[in-house]
Amino acid sequence: MTGNGKKVFMWIFDNNPKVKQLFPCRDKEGDELLKDLDFKGHASRFMQSVGAAVDNLDSLETSLAPLLLNLGKTHIHFQGFKPDYFDSFTTAMLHVWEQELQDRFTPEVEESWKTVFEFMMGKMKDGYTIAKEEEMNAKNLANGTSLTT
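Okay, so let's go over this structure. (Residues numbered from 1 in each chain as written. Predicted model: local features only at pLDDT ≥ 70, side-chain atom pairs only at ≥ 80, totals over all residues. Heavy atoms only, no water.)

Here we look at helix α4 (residues 37-55)
Because each turn of an α-helix spans 3.6 residues, side chains separated by three or four positions end up pointing in the same direction.
Here comes step 1: Between its first and last C-alpha atoms α4 spans 26 Å; for 19 residues at 1.5 Å apiece the expected length is 27 Å, and the two agree.
Here comes step 2: Taken together, the buried positions of α4 are occupied by F39, G41, A43, F46, M47, S49, V50, G51 and A53.
Here comes step 3: Two or three places before D38, at the start of α4, stands the capping residue D36, its side-chain oxygen 3.0 Å from that residue's backbone nitrogen. (Helix = DSSP H or I, 4+ residues; strand = E, 2+ residues; numbered from the N terminus. Expected span 1.5 Å × (residues − 1). Buried < 20%, exposed > 50% of the residue type's maximum accessible area, 1.4 Å probe, protein only. Polar contact = N/O pair within 3.5 Å; in protein donor to acceptor, adjacent residues only side chain to side chain.)

With respect to the packing of aromatic side chains
Here comes step 1: Under the defined criterion, the tally for this structure stands at 14 aromatic pairs.
Here comes step 2: For the ring pair W97 and W113, a centre distance of 5.5 Å and an interplane angle of 65° mean the geometry is edge-to-face. Highlighted residues: W97 in helix α6 (residues 85-101) and W113 in helix α7 (residues 107-142), separated in sequence by 16 residues.
Here comes step 3: Members of the aromatic cluster, joined through ring pairs, are F9, F13, F23, F39, F46 and F89. (Phe/Tyr/Trp six-rings, centres within 6.5 Å; stacked < 30°, edge-to-face > 60°.)

Observations regarding the pattern of salt bridges
Here comes step 1: Going through the model one piece at a time under the given rule, you end up with eight salt bridges.
Here comes step 2: The partner of K28 in a salt bridge is D36, with the nearest N and O atoms 2.5 Å apart.
Here comes step 3: With a relative accessible area of 8%, D36 lands in the buried category. (Salt bridge = Lys/Arg side-chain N within 4 Å of Asp/Glu carboxyl O.)

Some details on the layout of surface pockets
Here comes step 1: Quantified by volume, the largest pocket comes out at close to 380 Å³.
Here comes step 2: Taken together, 18 residues make up the lining of the largest pocket; nearest its centre are F9, F23, H42, L71 and H75.
Here comes step 3: When residues of the lining of the largest pocket are traced back to their parent elements, those giving at least two are α4, α5 (60-74) and α6.
Here comes step 4: The residue inventory of the lining of the largest pocket, partitioned by class, reads 13 nonpolar, four polar and one charged. (1 Å grid on protein atoms, 1.4 Å probe; cavity = no way out; pocket = protein on both sides within 12 Å on 5 of 7 lines; lining within 4 Å. Points joined across faces, edges and corners; volume = space filled by probe spheres on them. Nonpolar A, V, L, I, M, F, W, Y, C, P; charged D, E, K, R; others polar.)

Re the environment of T115
Here comes step 1: Mapped onto the secondary structure, T115 falls in helix α7.
Here comes step 2: Between the C-alpha atom of T115 and that of T90, which follows or precedes it by 25 residues, the distance is 9.5 Å.

Right, dumping it as structure tokens:
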């Protein structure tokens with residue numbers, strides 16, 4: 001599965017170079033990028049998340065959503081990250097899955113995977129938004145400003 005994760009990130013980096021600039025491997029290309037430990041690790045962790053979604057299809061809200069929310073929250077620490085970057089992942093994953101599955105990538109299969117990917121990215125966006133709001137509230141409290149005034 002890590003191979004598919006690499007393909008997803010390569011597609012994103014090719015189609016949205018701003019995303020690549022957020023990664024420590026931003027200056028690497030081709031084989032050097034594919035062999036980079038940070039890149040490989042991120043691709044592997046990403047695919048583990050996809051695997052966890054599949055493993056928990058019957059309990060996404062209770063089993064996986066909290067993990068995805070927390071993962072989304074961590075993205076506020078990446079200078080320059082924008083929540084719409086998460087959308088690139090849904091597009092990239094569908095592209096890679098279509099390439100891998102070929103004629104088995106029927107409209108029904110596409111719709112099923114799209115639902116899973118949109119759920120995952122939606123929860124990560126929610127987590128990012130929550131973290132940004134918490135950060136803003138903490139700054140307001142530190143400055144003696146209340147959001148209710």
